[in-house]
Amino acid sequence: MARVLANLDLTGTGYCASLNFRRTARTVTRMYDLAMQESGIRSTQFAILVGIAKTQPVPMGRLAGVLMMDQSTLTRSLRLLQKQRMVTVSGRSTMRRRFLELTEAGEKALQRSLPLWRAAHADFVSAVGADYWLKLRSELEILAKTTLTRLPPTEPLQKSHPR
């Protein structure tokens, strides 16, 4: 193994966008998860519940697009929320779409978690600076749209429109 590594040029790999985004995403997610721990939901679940609450009943494909998740990943994430009775998923409609809605338990989870999320978000913005965060958020939106155009046209996310 050492002979193979000795011949590999790893120069520049620390600049990998995927590595750096994932590393940052993990630390930011952990910060929000810790802050929201007493609510009983994680920040990833919070994002799904908020996405549903804003436009329910929401087609599953539209929510996947807003969250920039592929539908299979969203389906896996929804299973736990369904098991916890926070979300209902309709049967397929005539247009073969499934619609998502919050249950009363989902609404209560949002009610519990929202103040904790607000505190975590205020702490995050305070740490990085409000002006920097607004600029970075805009830049992240541009990056998301730019990389979306690099996906193959058959990729389901290609059809989505983030909000």
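Keep in mind that this is a model prediction, so the values were computed, not measured. (Residues numbered from 1 in each chain as written. Predicted model: local features only at pLDDT ≥ 70, side-chain atom pairs only at ≥ 80, totals over all residues. Heavy atoms only, no water.)

Bringing helix 2 (residues 17-36) into the picture now. Think of an α-helix as 3.6 residues a turn; residues three or four steps apart then line up on the same face. Relative to the 28 Å expected for 20 residues at 1.5 Å per residue, helix 2 spans 28 Å between its end C-alpha atoms, a close match to the ideal helical length. Taken as a whole, helix 2 has its buried residues at Tyr-32, Asp-33 and Met-36. Seen from one end, helix 2 has its buried residues packed into an arc of 100 degrees, which puts them on one side. Residues of helix 2 that are exposed and point more than 90 degrees away from the buried face comprise Arg-26, Thr-27 and Arg-30. Packed against the buried residues of helix 2 are helix 3 (43-55) and helix 6 (104-128). (Helix = DSSP H or I, 4+ residues; strand = E, 2+ residues; numbered from the N terminus. Expected span 1.5 Å × (residues − 1). Buried < 20%, exposed > 50% of the residue type's maximum accessible area, 1.4 Å probe, protein only. Arc of directions from axis to C-beta. Contact = heavy atoms within 4.5 Å.)

Looking now at a nonpolar patch on the surface. Among the surface-exposed residues, Val-4, Leu-5, Leu-8 and Leu-10 lie close enough to one another that they form a single nonpolar patch of about 390 Å² accessible area. Position of Val-4 relative to the elements: it lies in helix 1 (residues 2-6). (Patch = residues over 30% accessible without salt bridge, like charges linked within 9 Å, V, L, I, M, F, W, Y side chains within 5 Å. Areas by Shrake-Rupley, 256 points an atom, 1.4 Å probe, with all protein chains shown as cover. Salt bridge = Lys/Arg side-chain N within 4 Å of Asp/Glu carboxyl O.)

In total, this model carries 4 salt bridges according to the counting rule given. A salt bridge links Lys-108 to Glu-104; the shortest N-O distance between them is 3.2 Å. With Lys-108 and Glu-104 both in helix 6, this residue pair falls 4 residues apart, about one helical turn. For the salt bridge of Lys-135 with Glu-139, the shortest nitrogen-to-oxygen distance reads 3.6 Å. Of the two residues, Lys-135 and Glu-139 are both situated in helix 7 (residues 130-148); the distance of 4 residues between them amounts to about one turn of the helix. Given the relative accessible area of 54%, Lys-135 is considered exposed.

This part is about the pairing of strand 3 (residues 99-102). Only one face of strand 3 is covered, namely the one carrying Leu-100 and Leu-102; the face carrying Phe-99 and Glu-101 has none of its residues buried. Examined bridge by bridge, strand 1 (residues 58-59) and strand 3 share 2 bridges and lie antiparallel to one another. From the neighbouring strand, Val-58 faces strand 3, where its bridge partner is Leu-100. Where strand 2 (residues 87-89) lies against strand 3, 3 bridges are found, and the strand directions are antiparallel. Of the residues in strand 3, the one forming a bridge with Val-89 is Leu-100. (Pairing = 2+ DSSP bridges.)

Right, let's get into the confidence of the model for the protein. Per-residue confidence for the protein gives a mean pLDDT of 89, with 91% of residues at or over 70. Between the elements of the protein, mean pLDDT differs from a low of 74, seen in helix 1, to a high of 97, seen in helix 6. pLDDT under 50 marks residues 158-163. Its contacts with residues more than four places away, or in other chains, come to 17 contacts. (pLDDT = per-residue confidence, 0-100.)

In this section: the layout of surface pockets. Empty space within the largest pocket amounts to approximately 2,600 Å³. Every residue lining the largest pocket is counted, 49 residues in all, and those nearest its centre are Ala-25, Val-66, Leu-67, Met-68 and Leu-140. Looking at the lining of the largest pocket, the elements with two or more residues in it are helix 2, helix 3, helix 4 (60-67), helix 5 (71-83), helix 6 and helix 7. In terms of residue class, the lining of the largest pocket is made up of 29 nonpolar, 12 polar and 8 charged. (1 Å grid on protein atoms, 1.4 Å probe; cavity = no way out; pocket = protein on both sides within 12 Å on 5 of 7 lines; lining within 4 Å. Points joined across faces, edges and corners; volume = space filled by probe spheres on them. Nonpolar A, V, L, I, M, F, W, Y, C, P; charged D, E, K, R; others polar.)

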